[in-house]
Amino acid sequence: MNLHEYQAKEILRGYGVNIPPGKVATTPAEAEAIAKEYGTAVMVKAQVHAGGRGKAGGVKFCKTPADAKEKATAILGMKIKDLTVEKVLVTVAADIGTEAYEGIIVDRATKKPVFMVSAAGGIDIEEVAAKTPEKILYVPVDPRYGLTNYDAMRMGFFLYGELKLARGAAAIMGKLYAAFMATGCSLAEINPLVVTPQGELVAVDGKMVIDDNELDRLPAIAALRDESSEAPSEVEARKANLTFIKLDGDVGCIVNGAGLAMATMDLVKYYGGEPANFLDIGGSSNPEKVVNALRIITADTNVKAILFNIFGGITRTDDVANGIVTATKANPLKVPIVIRLTGTNEELAMKILTENGFTASSDMDEAVKQAVALAKGPSGKAA
Amino acid sequence: MSIFIDKNTKLVVQGITGRDGSFHTKQMMEYGTQVIAGVTPGKGGQKFEGTVPIFNTVMDAVKATGANTSVIYVPPPFAADAIMEAAAAGVALVVCITEGVPVLDMTKVYPFVKERGVRLLGPNCPGLITPGVSKVGIIPGRICLPGPVGVVSRSGTLTYEVVYQLTRAGIGQTTCVGIGGDPINGTNFIDCLEAFEKDPKTRAIAMMGEIGGTDEQEAAVFVKMHMKKPVVGFIAGQTAPPGRRMGHAGAIISGSSGTAAEKLEAFAAAGIGIAKRPLDFVELIRVRLG
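Residues numbered from 1 in each chain as written. Chains lettered and ligands numbered in written order. Predicted model: local features only at pLDDT ≥ 70, side-chain atom pairs only at ≥ 80, totals over all residues. Heavy atoms only, no water.

Draft legend 1. A look at the overall build of chain B. The number of helices and strands found in chain B is nine helices and 14 strands. In terms of overall dimensions, chain B is globule-like: its C-alpha atoms have a radius of gyration of 18 Å, near the 19 Å expected for 290 residues. The principal-axis extents of the C-alpha atoms in chain B amount to approximately 55 × 40 × 30 Å. A burial count over chain B gives 63% of its 290 residues as buried. Within chain B, residue pairs in contact and separated by at least 24 positions form 73% of the contacts whose partners lie at least 6 positions apart. In the form shown here, chain B has an accessible surface area of approximately 10300 Å², with 54% of it arising from carbon and sulfur atoms. Where the 28 positive side-chain charges of chain B centre and where its 24 negative ones centre are 5 Å apart. (Helix = DSSP H or I, 4+ residues; strand = E, 2+ residues; numbered from the N terminus. Rg over C-alpha atoms; globule rule 2.2 N^0.38 Å. Buried < 20%, exposed > 50% of the residue type's maximum accessible area, 1.4 Å probe, protein only. Contact = heavy atoms within 4.5 Å. Areas by Shrake-Rupley, 256 points an atom, 1.4 Å probe, with all protein chains shown as cover. Lys, Arg positive; Asp, Glu negative; His and termini not counted. Charge placed at Lys NZ, Arg CZ, Asp CG, Glu CD.)

Next comes the structure, spelled out in structure tokens:
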């Protein structure tokens, strides 16, 4: 789960990181009022889960409250990478001397949290890593001991030659690390970490990504989820305990298991079609999940054919068959359906489907080919 | 022969009285796995299905029965501790089926098990099976057939699909291993490839990877440098969009890294046969078995 900048900053402020004051506005008038309250130049920043906000025109410097109102009018409602901006952060503009980067990720290779720091801040760290990798210092942390002072100081001196700044940066790393661990992050970063002309260290932008597996035990963090920033179909799917990701194609896929679901999408493409989605109904057998999955898939008007691919292990294929029958009785399908199922209780599933007027096969390739052909329609052309 | 489990595998089931644990324990017993103990705190002294003794702790179970392998079916908040408990109790192999273990928990668990010389498989994995001999986990026994192919995969049902296609074509398996779909797992592709290379009965390896991370790329280098046996590989997620978690916690393209194209390129450079779809494994493996 991604947090908005203002949410990440609030958390980091709680850990003692020096962050300029800021408040969220949802209307231009609110933005103006906040700017007036601060009585100084502000930044108006789009709050969406997308990189490149600045380049898209979603971050603006405003000298006066009237200016803030005008910029907020332009930013609120604009689209950045298909996401509509619903909120802006109005925050006191910091004087910028130098810009550095401090971040932590869970690194798959070392299987540890790893710090990344760079004096080349203010730009995307991936870009720095690609173009000038020597400008990044990577320091793995053993989570059983936490961030040691000597490692933090080593990174502090990598960023700044001066002892006072190195110490200040190291202290911020300690706070960032504490927030990262307590908030269940897979990524936390401050970019840029600014040194003002007065020599003060200020975190001007922050980002946090939370490991979804942490949300059950961190209800306060889970409550920060902003559903307005997600596709409605994905919100609905999550509530039904389904993993769903919407794509642009026309073959709706319902599969059990993430690997098989990806392989099914790939096979749709292999046979010349385009998958409309990723959807994993998971391991447990439950007809209700199938009903929900069909409702979500059929709500997508791009879908021209539905493909079920079920390999029954824990999943009982008769449960899936019952789910298909129940769902289609309540809401008759407007598009063709192709069913492939094999494994646990296959004979029973086939019987249930046949009795209710469905045909099903046990061969994955055949089913995918058929679904692709049906999606293209009788003319053989993509709709 | 086989890797990691065989006829001497003596299993303790953590979470044996839970819904998933009890269901799969029965399946494992039916398949012939030696399930010699179970653990559910507070139910020590009882028996599962009237035969398998239940203990309060893994340490008690190991002391009383000599179990050498553990399988974990406990819910996510307790899984990390369950892994450490098993490792501390002295089993040689811990298989964690549980999905949803927080990755920061795993950053602490991983060094704990490594330092004790214990092999961890998973979490978020289907376990493993040596056809006709023993199964630990949830892979359906009836789709497997004893034979010469080692199977290793990050996925569950995709593994079943490939194993099913192989079995249908009369091509059997030495051991099928699901290493799991999480970003931090105990056993990786290289661990399995190394074991298959040493296993005298394994003559070819089928490997199913997916998007995210660099495990497959590193495995490809290992194949090129250290393996004589032929390997055939597949990568799921060629149509996956970047930045989205595709069901498995580890199946995510971060920025421009971890793509299917990058992994397939590494496979090709290492001389690994590339299955463009699951069905292709059958012919590619058949040719390599000669």
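Once the structure has been displayed, the description carries forward.
Draft legend 2. Geometry of the sheet that holds strand β3 (residues 47–48) of chain B. Residue and element names in this part refer to chain B. Ordered by their spatial adjacency, seven strands build an open sheet running β3-β4-β2-β1-β5-β6-β7, and the pairing between neighbours is mixed. Of all strands in the sheet, those bounded by a partner on one side alone are β3 and β7 (119–121). For β3 and strand β4 (residues 52–55), the ladder comprises two bridges, and the chain directions are antiparallel. When the sheet's bridge partners are listed, K47 is paired in β4 with P53. Against the sheet, helix α3 (residues 76–89) touches β1 (10–14), β5 (69–72), β6 (93–96) and β7, its axis set at about 165 degrees to β6. (Pairing = 2+ DSSP bridges. Axes fitted to C-alpha atoms, helices over the stretch in contact; angles between N-to-C directions.)

Draft legend 3. Main features of the interface of chain A and chain B. Contacts between the two partners involve 48 residues from chain A, matched on the other side by 56 residues from chain B. Here chain A packs against chain B, burying approximately 4100 Å² in sum over the two surfaces, 59% of which is carbon and sulfur. Interface area lost by chain A to chain B is led by R108, K111 and F311 of chain A, which between them contribute 19%. Summed over the shared surface of chain A and chain B, the result is seven salt bridges. (Buried area = accessible area lost by both parts, 1.4 Å probe. Salt bridge = Lys/Arg side-chain N within 4 Å of Asp/Glu carboxyl O.)

Draft legend 4. How the structure looks around unusual backbone geometry. Omega for the peptide link from N191 of chain A to P192 of chain A comes to 5 degrees, which places this bond in the cis form. Along the chain, P192 of chain A falls in strand β10 (residues 185–195). Cis geometry marks the peptide bond from G122 of chain B to P123 of chain B, where omega comes out at 10 degrees. Positionally, P123 of chain B belongs in the loop between β7 and β8 (127–130). In the Ramachandran plot, K111 of chain A falls in the positive-phi region, its phi being about 60 degrees despite a non-glycine side chain. Phi at N124 of chain B is positive, roughly 55 degrees, even though this residue is not glycine. For N124 of chain B, the location among the structural elements is in the loop between β7 and β8.

Draft legend 5. Molecular detail of the confidence of the model for chain B. Looking at chain B, pLDDT values average 96 and 100% of them are 70 or higher. Taken together, the chains of this predicted complex give a pTM of 0.93 and an interface ipTM of 0.93. (pLDDT = per-residue confidence, 0-100.)

Draft legend 6. Representation of the packing of α3 of chain B against helix α4 (residues 103–115) of chain B. Residues and elements named next belong to chain B. Between α3 and α4, the least distance of the axes is 10 Å, while the angle of their chain directions is 5 degrees. One way to sum up the angle between α3 and α4 is to call them roughly parallel. Along the contact surface, α3 presents A80, I83, M84, A87 and A88, while α4 presents D105, M106, V109, F112 and V113. Partitioning the contact of α3 with α4 into residue classes produces nine nonpolar, no polar and one charged. (Parallel < 35°, antiparallel > 145°, perpendicular 65-115°, else oblique. Nonpolar A, V, L, I, M, F, W, Y, C, P; charged D, E, K, R; others polar.)

Draft legend 7. Representation of the nonpolar core within the structure. The biggest cluster of nonpolar side chains holds 97 residues, and the ones touching the most others in it are V71, V95, L166, L193, M246, F281 and I285 of chain B. With residues near it in sequence (within four places) discarded, V95 of chain B still touches S70, V71, I72, L121, C125, G127, L128 and V136 of chain B. If you look at the next biggest cluster of nonpolar residues, it comprises 73 residues, including F115 and A170 of chain A together with V12 and V113 of chain B. (Core = buried A, V, L, I, M, F, W, Y, C linked by side-chain atoms within 4.5 Å.)

Draft legend 8. Layout of the packing of helix α10 (residues 287–298) of chain A against helix α11 (residues 317–330) of chain A. Residues and elements named next belong to chain A. Two numbers describe how α10 lies on α11: the axes approach to 7 Å, and their chain directions differ by 45 degrees. Between α10 and α11, the interaxial angle falls into the category oblique. Note that α10 runs across α11; the crossing there is right-handed. Contact residues: P287, V290, V291 and L294 in α10; D319, V320, G323, I324, T326, A327 and T328 in α11. Per-class residue counts for the contact of α10 with α11 are seven nonpolar, three polar and one charged. (Left-handed = near helix turned anticlockwise from the far one by under 90°.)

Draft legend 9. The packing of aromatic side chains, seen in detail. Applying the stated criterion across every chain yields a total of four aromatic pairs over all chains. A network of ring pairs unites the aromatic residues F311 of chain A together with Y160 and Y164 of chain B as a single cluster. Against the face of Y110 of chain B rests K111 of chain A, its NZ or CZ located 4.9 Å from the ring centre. The ring of F112 of chain B carries the charged tip of R116 of chain B above its face, separated from the ring centre by 3.6 Å. (Phe/Tyr/Trp six-rings, centres within 6.5 Å; stacked < 30°, edge-to-face > 60°. Lys NZ or Arg CZ within 6 Å of the ring centre and 35° of its normal.)

Draft legend 10. Focus on the pattern of salt bridges. Evaluation of the coordinates by the stated rule reveals 38 salt bridges over all chains. For K131 of chain A, the salt bridge goes to E127 of chain A, with nearest N and O atoms at 3.4 Å. Residue K131 of chain A and its partner E127 of chain A are both found in helix α4 (residues 125–131); the two are separated by four residues, about one turn of the helix. In this structure K131 of chain A comes out as exposed when scored by relative accessible area, which is 63%. Overall, the relative accessible area of 31% leaves E127 of chain A in the partly exposed class. One salt bridge connects R286 of chain B with E283 of chain B, and the closest N-O pair in it is separated by 3.3 Å. Note that R286 of chain B and E283 of chain B are positioned in helix α9 (residues 280–289) at a spacing of three residues, about one turn of the helix. Shared partners join several salt bridges into a network, and the residues in it are E5, K9, K45, R53 and D205 of chain A.

Draft legend 11. Quick look at helix α13 (residues 364–376) of chain A. Between its terminal C-alpha atoms α13 of chain A stretches 19 Å, which fits the 18 Å expected from 13 residues at 1.5 Å a residue. Taken together, the buried positions of α13 of chain A are occupied by M364, D365, A367, V368, A371, V372 and A375 of chain A. Taken end-on, α13 of chain A shows its buried residues confined to a sector of 165 degrees, consistent with a single buried face. Buried positions along α13 of chain A lie against β14 (251–255), α9 (258–270), β16 (305–312), β17 (337–343) and β18 (360–361) of chain A together with α5 (157–168) of chain B. Capping the start of α13 of chain A is the job of one residue whose side-chain oxygen sits 3.0 Å from the backbone nitrogen of D365 of chain A: D363 of chain A. Phi turns positive one or two residues past the end of α13 of chain A, at G377 of chain A, with a value near 85 degrees. (Expected span 1.5 Å × (residues − 1). Arc of directions from axis to C-beta. Polar contact = N/O pair within 3.5 Å; in protein donor to acceptor, adjacent residues only side chain to side chain.)

Draft legend 12. Looking closely at α9 of chain A. All names here are of chain A. Compared with an ideal rise of 1.5 Å per residue, which puts 13 residues at 18 Å, α9 spans 18 Å between its outermost C-alpha atoms and is within 8% of the ideal. Buried residues dominate α9, accounting for 11 of its 13 residues. By the burial criterion, the buried members of α9 are A258, G259, L260, A261, M262, A263, T264, M265, D266, L267 and V268. Looking at the residues trailing α9, positive phi occurs at G272, about 90 degrees.

Draft legend 13. Structural detail: the sheet that holds strand β1 (residues 22–25) of chain A. Residues and elements named next belong to chain A. Pairing within the open sheet is antiparallel, and its four strands lie in the order β1-β6-β2-β3. Both outer strands of the open sheet, β1 and β3 (59–62), are each paired with one neighbouring strand and no more. Going from strand to strand, the sheet's axes swing by 20 degrees on average, the running direction of each strand aside. As judged from the four bridges shared by strand β2 (residues 42–46) and β3, these two strands associate in the antiparallel manner. Bridge pairing in β3 places K45 opposite V59. Across the sheet, helix α1 (residues 5–14) lies against β1, β2 and β6 (88–92), angled at about 45 degrees from β6, the strand it touches most.

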